[in-house]
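Understanding the architecture of this molecule
If you want the building blocks of each chain, they are given just below.
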Amino acid sequence: VQLVESGGGLVQPGGSLRLSCAASGFTFSNYDMTWYRQAPGKERELVAGISRTGSSTNYADSVKGRFTISRDNAKNTVNLQMNSLKPEDTAVYYCRATHIFNAFTYWGQGTQVTVSS
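These remarks concern the structure in this document. Being a predicted model, the structure only gives us computed values, none of them experimental.

With respect to the helices, strands and loops of the structure, Arg 37 is situated in strand E4 (residues 31-38). A polar contact of 2.7 Å, which involves the side chain of Arg 37, links it to the side chain of Glu 45. At 2.9 Å, the side chain of Arg 37 forms a polar contact with the side chain of Asp 89. Apart from the residues lying within four places of it in its own chain, the contact partners of Arg 37 are Glu 43, Arg 44, Glu 45, Val 47, Ser 62, Val 63, Phe 67, Glu 88, Asp 89, Ala 91, Val 92 and Tyr 93.

To continue, consider the pairing of strand E11 (residues 111-115). In E11, alternate side chains face the same way, and those of Thr 111, Val 113 and Val 115 are buried while those of Gln 112 and Thr 114 on the opposite face are not. Pairing analysis gives three bridges linking strand E2 (residues 9-11) to E11, with the strands arranged parallel. Across the sheet, Gly 9 pairs through a bridge with Val 113, a residue of E11. Strand direction decides the pairing type here: strand E9 (residues 91-99) and E11, joined by three bridges, are antiparallel. Residue pairing for E11: Tyr 93 is matched across the bridge by Thr 111.

It is possible for side chains bearing opposite charge to pair when their charged atoms get close. Considering all chains together, one arrives at four salt bridges under this definition. Between Asp 89 and Arg 37 there is a salt bridge; the shortest N-O distance is 2.9 Å. Of this pair, Asp 89 sits in the loop between strand E8 (77-82) and E9 while Arg 37 is found in strand E4, placing the two residues 52 residues apart along the sequence. We note that Asp 89, like Arg 37, is buried. Between Lys 64 and Asp 61 there is a salt bridge whose closest N-O contact spans 3.2 Å.

Here we come to the nonpolar core. Counting 30 residues, the largest nonpolar core has Leu 3, Met 33, Trp 35, Leu 80, Met 82 and Tyr 93 as its most contacted members. For this core, the secondary structure elements donating two or more residues are strand E3 (17-24), E4, strand E5 (45-50), strand E7 (67-72), E8, E9 and E11. When neighbours within four sequence positions are excluded, Met 82 is seen to be in contact with Gly 15, Ser 16, Leu 17, Leu 19, Arg 66, Phe 67, Tyr 93 and Val 113.

This part takes up the state of the cysteines. Counted according to the given criterion, the structure contains one disulfide. Disulfide partner of Cys 21: Cys 95, at an S-S distance of 1.9 Å. Taken together, the residues Cys 21 in strand E3 and Cys 95 in strand E9 connect sequence positions 74 residues apart. One exposure class covers both Cys 21 and Cys 95, and it is buried.

Reading guide: rules and limits
Residues numbered from 1 in each chain as written. Predicted model: local features only at pLDDT ≥ 70, side-chain atom pairs only at ≥ 80, totals over all residues. Heavy atoms only, no water. Helix = DSSP H or I, 4+ residues; strand = E, 2+ residues; numbered from the N terminus. Polar contact = N/O pair within 3.5 Å; in protein donor to acceptor, adjacent residues only side chain to side chain. Contact = heavy atoms within 4.5 Å. Buried < 20%, exposed > 50% of the residue type's maximum accessible area, 1.4 Å probe, protein only. Pairing = 2+ DSSP bridges. Salt bridge = Lys/Arg side-chain N within 4 Å of Asp/Glu carboxyl O. Core = buried A, V, L, I, M, F, W, Y, C linked by side-chain atoms within 4.5 Å. Disulfide = S-S within 2.5 Å.

See below:
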């Protein structure tokens, strides 16, 4: 079982990044997917989530209107499009898979996003 995040990096304020999370080793379409982030010295927080079919999404208030979560069940990937980035978006971003029935959870290893001029 693997969740591998990619797409992180250094970007200037106001810029954009697209994070991807590639899943393998489990039936991706049976899992809700969520992006979390953790900034230095802070607790991990939910950023955005998407249901197993993609029909339902939710966002933290701090990213609404700027971030968009999507998934492709044919490619076993979940993406996070991040626009209008702010320095406070700097964090390690993690994807999480949660089984729709038994709530079993997998985590990725994280990808660093740094927003700085």
